[in-house]
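Chain residues, written in single-letter form:
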Amino acid sequence: MRPGISGFVGFAPRPDKPIEWRGSSYDDLCAFPGDARRDAGFQLGLVQQGYRPDDWKAMPTVGAGVIEIRIDVGTAYRVVIVVKFEEAIYVLHAFEKKSRRTPRPDVDLARKRYRDLIAERGQR
């Protein structure tokens, strides 16, 4: 069994948490090659069910509760998501990673989308 994000694993299936796509993140993920797109979809499905993705890291430089799902199919791809809210999983950004460090423009874009999300949630 996979450990849950909260550390708890239940035996009953959980209803999938909805995914909310921010900005161009859906189109960006759809532009991944087939094998990367399938893996990203599988990993997002795990998160929807309350499990951790197979390969991820926290991204506190973007915001609290933000993680980066790492997809490696010979080329590195990343999907940056917010998992801390009860109502949905928010996909902030999806991109091909071409260098060892995450490029500043990709971090800045994810950070902006995170700030916009927090502002929208504050207006509800």
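Look up a bit, the structure's there.
Residues numbered from 1 in each chain as written. Predicted model: local features only at pLDDT ≥ 70, side-chain atom pairs only at ≥ 80, totals over all residues. Heavy atoms only, no water.

Some thoughts on the overall build of the protein chain
When its secondary structure is counted, the protein chain shows three helices and five strands. The proportion of buried residues among the 124 residues of the protein chain is 41%. Pairs at least 24 residues apart make up 53% of the contacts formed inside the protein chain by residues separated by at least 6 positions. (Helix = DSSP H or I, 4+ residues; strand = E, 2+ residues; numbered from the N terminus. Buried < 20%, exposed > 50% of the residue type's maximum accessible area, 1.4 Å probe, protein only. Contact = heavy atoms within 4.5 Å.)

Description of the sheet that holds strand β3 (residues 66-72)
Strands sit in the order β1-β5-β4-β3-β2 across an open sheet of five strands; the sheet is mixed. Single-partner strands in this sheet number two, and they are β1 (19-21) and β2 (56-58). Shown here is a sheet whose adjacent strand axes are inclined to one another by a mean of 30°, direction ignored. The pairing of β1 with strand β5 (residues 89-97) spans three bridges and is parallel. If you follow I19 over to β5, its bridge partner there is I89. In the packing of helix α2 (residues 34-48) onto the sheet, contacts are made with β1, β3, β4 (76-82) and β5, and the angle to β3 comes to roughly 145°. Where helix α3 (residues 104-122) meets the sheet, it contacts β3, β4 and β5, and its direction lies at approximately 170° from that of β5. (Pairing = 2+ DSSP bridges. Axes fitted to C-alpha atoms, helices over the stretch in contact; angles between N-to-C directions.)

Considerations on the pattern of salt bridges
A complete count under the given rule lists eight salt bridges for this structure. Residue E87 is joined to R121 by a salt bridge in which the shortest nitrogen-to-oxygen separation is 2.8 Å. A residue pair is termed long-range when its members are at least 10 positions apart, and E87 in the loop between β4 and β5 and R121 in helix α3 qualify at 34 residues. A relative accessible area of 26% places R121 in the partly exposed class. Ionic pairing is found between K112 and D116, a salt bridge with its closest N-O pair at 2.7 Å. Placement of the pair is K112 and D116 together in helix α3, with a separation of four residues, close to one helical turn. (Salt bridge = Lys/Arg side-chain N within 4 Å of Asp/Glu carboxyl O.)

A few points about the packing of aromatic side chains
All told, the structure shown has three aromatic pairs when counted by the stated rule. Here the aromatic rings of W21 and Y26 are separated by 5.1 Å at their centres, their planes lie at 75°, and the arrangement is edge-to-face. The class for Y26 is partly exposed, based on a relative accessible area of 45%. Considering the side-chain rings of F85 and Y90, the 6.0 Å spacing of their centres and the 80° angle between planes classify their relative orientation as edge-to-face. Like F85, the residue Y90 is buried in the burial classification. (Phe/Tyr/Trp six-rings, centres within 6.5 Å; stacked < 30°, edge-to-face > 60°.)

Things to note about the side chain of H93
Along the chain, H93 turns up in strand β5. A polar atom in the side chain of H93 sits 2.7 Å from the side chain of D106. For H93, the residues in contact, after removing those within four places along its chain, are S25, D28, R78, V79, V80, D106, L109, A110 and R113. (Polar contact = N/O pair within 3.5 Å; in protein donor to acceptor, adjacent residues only side chain to side chain.)

All quantities given are derived from atomic positions and should not be read as evidence of function.
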